[in-house]
Amino acid sequence: MLKEDCASELKVHLAKSLPLPSNVTRPRIDLIMFVVNLHSKYSLRNVEESLHHVDATFFLGRVGFLATGAGRESHCSVHRNTVVKLAHTYRSPLLFCDLEVEGFRATMAQRLVRMLQICAGHVPGLSALNLLSLLRSSENPSLEDL
Amino acid sequence: MDETVAEFFKRTILKIPMTEMMTILKAWGFLSENQLQTVNFRQRKESLVQDLVLLCEKKRASLNDAAILDIVYTQFHRHQKVWDVFRMSREPGEDIDLFDMEQFKRSFKKILQRALKNVTISFRDAEENAVWIRIAWGSQYRKPNQYRPVYVVYYSQTPYAFTSSSQLRSNIPLLGQTFETHNSTTPLQERSLGLDINMDSRIIHENRIEKERVQRVTQETFGYYPQPRLEFAQYKLETKFKSDLNGGILAEREEPLRCLIKFSSPHLLEALKALAPAGIADAPLSPLLTCIPNKGMNYFKIRDK
């Protein structure tokens, strides 16, 4: 993400889980991406627990899920549908990307930077909420059947 | 020779892998070629270490000599440490002073000793106008802990100094001040540099402390060296069902449950070592897994007590 050309100043906070340590001052968080490794149930559980610590206002377009590892089906111990349901429960977009693959990673990075710019309010006329409804309308309609 | 110094020698030499022993001892230069020839390097490591320590005692080796050996070892194993970089900033327009290494060492030592009561400071010159400084900290009432030193590598012709990360983070500003007092320049922007793009300052590791704890616990459990090569471990469980939740059919079952768990991997112990740092497992790992090298077994039968 940092390699992308971005007019805004970009900062990435990496955390293993939430809540973040409270004794630190940090700038406003514009977007939270929860990365779930489909190869690890531990990863899913970690994300589920961290979600409880997120303020409700974030779920209006400032939260997203990124599932990695779907490409290697045999290694997956978390079912694809599990993350789909999770994202649906939290009304947030779900992106699939095998982070181990350089090409996919680069494309996803571009996407995330764009998302982040919108969430930070740096794209005139487009807000996080707008983006959310745009993304939602392109969801698979069979989602409701889950 | 003082007991603690002898112990320090013993532990420092013990750290050195047999394959590197000759090279490191030669680089250290305290024991001459002739003296090294009198030692049998083909014997068991423990006996070799004993012989070497005796030799050092005979030659009246001091704590400082041991510290230098520690520096040499670390220089050979620098990649095993995590380094922070400090950059000293000069006032614009200031002339670059002619640098005198000996004077720097003298004043560095003086300043640090003045500030701290119990401290061991050792120097070893290295390539490219660099000096390796080893600092062992104590406290007001305690002698320096020789087993947790901090290393500073200062490239005198540059504004950069590298320090090995230390849990005694409170001492880092003091080091900075020591440079400042010597150089009369204003430090110090702490940046962690590395060849890895991950070390970009726009990336903030929120759980750095936890990460470091995990690394430390992993090192303590598994040690610094490659693990013995093992391809599988098998656990036969015969235990009653245990659960946090009350009730349930399984909880009432009198008979123990039987199951067999087999772990296999091209290099099982290295894989286990990598689990916590990779974020896949908590640290410390279950002793059932970590006891394998200690117990020398990889078949386990686990029953309720």
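Keep in mind that this is a model prediction, so the values were computed, not measured.

Reading the values: the criteria
Residues numbered from 1 in each chain as written. Chains lettered and ligands numbered in written order. Predicted model: local features only at pLDDT ≥ 70, side-chain atom pairs only at ≥ 80, totals over all residues. Heavy atoms only, no water. Salt bridge = Lys/Arg side-chain N within 4 Å of Asp/Glu carboxyl O. Buried < 20%, exposed > 50% of the residue type's maximum accessible area, 1.4 Å probe, protein only. Helix = DSSP H or I, 4+ residues; strand = E, 2+ residues; numbered from the N terminus. pLDDT = per-residue confidence, 0-100. Contact = heavy atoms within 4.5 Å. Phe/Tyr/Trp six-rings, centres within 6.5 Å; stacked < 30°, edge-to-face > 60°. Lys NZ or Arg CZ within 6 Å of the ring centre and 35° of its normal.

(A) Local environment of the pattern of salt bridges. For the structure shown, the criterion picks out 15 salt bridges over all chains. Between Lys11(A) and Glu9(A) there is a salt bridge; the shortest N-O distance is 3.2 Å. Its relative accessible area of 68% is what places Glu9(A) among the exposed residues. Between Glu212(B) and Arg208(B) there is a salt bridge; the shortest N-O distance is 3.2 Å. Here Glu212(B) pairs with Arg208(B), and both are found in helix H8 (residues 208-222), just 4 residues apart, close to one helical turn. A residue is classified by how much of its surface remains accessible, and Glu212(B), at 37% relative accessible area, is partly exposed. Shared partners join several salt bridges into a network, and the residues in it are Lys15(B), Asp70(B) and Arg134(B).

(B) Up close: the confidence of the model for chain B. Residue and element names in this part refer to chain B. Of the residues in chain B, 84% have a pLDDT of 70 or more, and the chain-wide mean is 81. The least confident element of chain B is strand E6 (residues 186-191), whose mean pLDDT is 33; the most confident is helix H5 (residues 63-76), at 93. pLDDT under 50 marks residues 91-96. Its contacts with residues more than four places away, or in other chains, come to 3 contacts. Confidence over residues 184-198 falls short of pLDDT 50; this stretch has 37 contacts with residues more than four positions distant or in other chains.

(C) Here's a closer look at the packing of aromatic side chains. In this structure the tally under the stated criterion is 14 aromatic pairs over all chains. A connected cluster of aromatic rings, assembled from ring pairs, spans Phe34(A), Phe59(A), Phe65(A) and Tyr90(A). Positioned over the ring face of Phe96(A) is Arg80(A), at 4.4 Å from the centre of the ring. Above the face of the Tyr147(B) ring, Arg11(B) is positioned so that its terminal group lies 3.7 Å from the ring centre.

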